[in-house]
Amino acid sequence: GKVQAAARRRLELKELPRRGWAAQAGRQAKLCSVVPWLLCTATRLCPAMTARTSGAALRCLVVGIIAIVAGLAEPGQAQMQKQNTTWIYPTLGCRANRAGESCYPFCTMPLNAPCEKQAVCAPAYVKTPFGKTLQWVMAASNPTPPDNVYIIRTGGMPADSGKSCCGFSPVLGEDIWTVQSPMKDATLNPYGVLAPEVINWPPMELSDVANEFRTASVKGAVVSVNLAPEKLNITNVKFSWNVTRQEASTFAVTPLYNISFDARYGYSILDGAKRLYNNSACTKNVFFRICSNPFFTAQPTDSTVPLMGSPNPLGLVRSSGVPNSACGLSVHTPCIRSPGYSESAAGSAVLQVFDVGMFDSSGANHGVRVGQQITLELTLTTLDEGGKVAMSTVDDPGLPIGAELTEDRVCGQYKICRTFTWTPRKGQEDKVHDAHVVGRSFTTLGAELNPCDELYTKETVFRVMVLKPLSTWLAPLNNVGQLTGDLAAWPGNAAVGTEFSVTLQCESNYQPRIDMDGGAARFSLLSTQDTGDGKRVSTYSFGYTPVRGDEGSTKTWQFHCGDDQDVAERLIRTVVVKTKLCTYTVDTGETLSTMTRRYQLSTNWLNVWNANPMLITDPDLDLMAGAQLRIGPVYSVKPGDTLDTIAAQFSTTIKKLLSVNPHLTPETAPDMQLLGATRLCVIACTSHPSPTYSYKWAY
């Protein structure tokens, strides 16, 4: 019965509500003898002593220990249930701004001083730029030492799977936190602990904090260190957040990171388990704002490599990328060379430069052409939540002469766009022209939210090189026809009825063009071909068909090879066409008889037949169309010759001489001496009664 009563009593003691511990233990203490409880408590030998005593002594010992605990804890226990853990300096946002200050949330106080409740319980907004290490401290004290204080992150950090930002891996989760000097054993850290995340609410067992699946990964970007490990009633945790470079972010807008912290303390009850006490200081909500630099993007670029300063959403290596086949030298289309480069300017200024032009496969810039319109789409972006951007030109030097930049227009979330257009003019070739712009980001948020500061981009230069035109003749390599010497003695190179034709080719790094100066003739563009190295070749065809009356005449045409914008001096080729005497072209279906009648030749067609033995095999058959037929001899004038003497010499008339020699003017008197080296076509007249000169011209 005594054993059963003792068991029931132990069960009752275990199930006592906490508020009845002190009273019940006091009543039991009056019934027992004095027990060396001080020695027992100090040496932790109670279980061994209990095993060596009788049942009564055991009961007295247990009751005595309860009385000791109750007697020591009764005043503090009631107070403990009314008090919270206290946030102390240097906790983030511990003190509010005072008059003339703007230090919040980093205002200073004496070390370990209690925080101002209104300030520390208000949300704290912290901003930091990309690429920096952000540090802050959370510190709390326990109102009932020597129990431990635990600072627990109870929420926060967006779970944006598949994106990367701010020091975190593309897949957020266990790679967020790193805890240095973590829990010293699997069940209890006597120096305080930071839990990455706790979702179980009171009563919270210590195992919830020490759970290995809730500890932080060593890959994390946020590192925490307990700065006061030996102070059992104070936990002072320093956080270091290694914020990534802006280029590594894949967010269109950087999230506002919200991290919540609770400060709780542990206590013991008779079963030996440690628990986190349910009461705590206010939950501290901290909002972290990652501030970006405004950055330019532009189109078209020569590859998928992003421009300097802009994020790299494709995760590419910035020194490589997929070439843009829609622009470049091979397709005669200018684009922007990415990623650009930095250049020192006057003073300590640094420019951000992007070259514009037609780039070949080796990366060489061949510039743009005069008359070729350049269109660049410029975009200015900020990643700041609540941010706005504006773009403007730099007053000096501004834009190239003749260039235009449209006004800002909204083209996306936290983006504005402008269109740059410019067509270089003659006189701007073989020079570099810069367009200077600058971007600015600012906020629409109130000051109480601690928004990002107003920031400017570096002065940004889009540098355009205008190409100098270079042209050359490919065909003909030399002038055509005789340009110098005794032109009168030159037989000629064309015949009546046969087209004289020349193929002309001009090459240029612009669009090549050939112009013609001279009399009426056939002249047309046949084709323009791309050589693949930024040059083109244009092919033209020229043709002139002499007609009756052109015999012995000389005609000259000039052709000019150059660029289509008339920038450079044009290169000249000359074509001289002289129509032969006594030579005519056979039309389709003609015979020897029709030829002699059409050209009013001698009816003695045997002379014509004899003069063209290879052409005429049967005088009654059709002649070969297009063949050149000789109808008489060509006589070179000798000193003292006149039309009278020549007519008499060749059994012809002055009228006939003038009809087949149109280069002789009708005003030429019959007895006027002709110039030496003049050539004349002579055709005998069968009506002449008796030629005074016998000749044989069929040769």
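Structural data are supplied above this passage.
Values in this document were obtained by computation on a predicted structure and should not be read as measured data.

Here the focus is the nonpolar core. Residues W87, W136, M138, F239, W241, F261 and F288 are the most contacted members of the largest nonpolar core, which totals 31 residues. When contributions to this core are tallied by element, the ones reaching two or more residues are strand 3 (133-141), strand 9 (234-242), strand 10 (256-268) and strand 12 (284-291). Residues contacting M138, with those up to four places away along its chain left out, are W87, T91, L92, I151, T235, N236, V237, F239, F261 and K284. Core analysis: the next-biggest nonpolar cluster, separate from the first, contains 28 residues, A298, V356, M391 and V464 among them.

Our focus in this paragraph is the packing of aromatic side chains. Within the structure shown, the criterion is met by 14 aromatic pairs. Pairing W136 with F239 gives two aromatic rings, centres 5.0 Å apart and planes at 10 degrees, and the pair type is stacked. With a gap of 103 residues between them, W136 in strand 3 and F239 in strand 9 connect regions that are remote in the sequence. With respect to class, W136 is no different from F239; both count as buried. Judged by centre distance (4.5 Å) and plane angle (45 degrees), the ring pair of W136 and F288 falls under tilted. Of the two residues, W136 is situated in strand 3 and F288 in strand 12; the sequence distance between them amounts to 152 residues. Residue F288 is classed as buried on the basis of its relative accessible area of 0%. Every member of this aromatic cluster is reached through a ring pair, and the members are W136, F239, W241, Y257, F261 and F288.

This brings us to the side chain of R289. Turning to its location among the elements, R289 is positioned in strand 12. We classify R289 as buried; its relative accessible area is 4%. A polar contact is formed between the side chain of R289 and the backbone oxygen of L449, at a distance of 3.0 Å. In contact with R289, not counting residues within four places along its chain, are Y125, V126, K127, T128, L256, E385, L445, L449, N450, P451 and C452.

Here we come to the environment of G93. Residue placement: G93 occurs in the loop between strand 1 (86-87) and helix 6 (117-121). A relative accessible area of 0% places G93 in the buried class. As a C-alpha pair, G93 and K117 span 24 residues in sequence and 10.0 Å in three-dimensional space. Excluding residues within four positions of it along the chain, G93 makes contact with Y104, P105, A119, V120 and K284.

Per the stated rule, a full pass over the model turns up 16 salt bridges. Put simply, R463 and E343 hold a salt bridge, and the shortest N to O gap is 3.0 Å. One end of the pair, R463, is in strand 24 (residues 460-466); the other, E343, is in strand 15 (residues 341-344), and 120 residues separate them in sequence. Exposure remark for E343: the relative accessible area of 25% places this residue in the partly exposed category. Two residues, D515 and R570, come together in a salt bridge whose shortest N-O distance is 3.5 Å. Here D515 is found in strand 28 (residues 512-517), whereas its partner R570 is found in the loop between strand 31 (554-563) and strand 32 (571-585), with 55 residues between them in sequence. Residue class for D515 comes out partly exposed when judged on its relative accessible area of 26%. For R570, a relative accessible area of 17% translates into the label buried.

What counts as what
- Residues numbered from 1 in each chain as written.
- Predicted model: local features only at pLDDT ≥ 70, side-chain atom pairs only at ≥ 80, totals over all residues.
- Heavy atoms only, no water.
- Core = buried A, V, L, I, M, F, W, Y, C linked by side-chain atoms within 4.5 Å.
- Buried < 20%, exposed > 50% of the residue type's maximum accessible area, 1.4 Å probe, protein only.
- Helix = DSSP H or I, 4+ residues; strand = E, 2+ residues; numbered from the N terminus.
- Contact = heavy atoms within 4.5 Å.
- Phe/Tyr/Trp six-rings, centres within 6.5 Å; stacked < 30°, edge-to-face > 60°.
- Polar contact = N/O pair within 3.5 Å; in protein donor to acceptor, adjacent residues only side chain to side chain.
- Salt bridge = Lys/Arg side-chain N within 4 Å of Asp/Glu carboxyl O.

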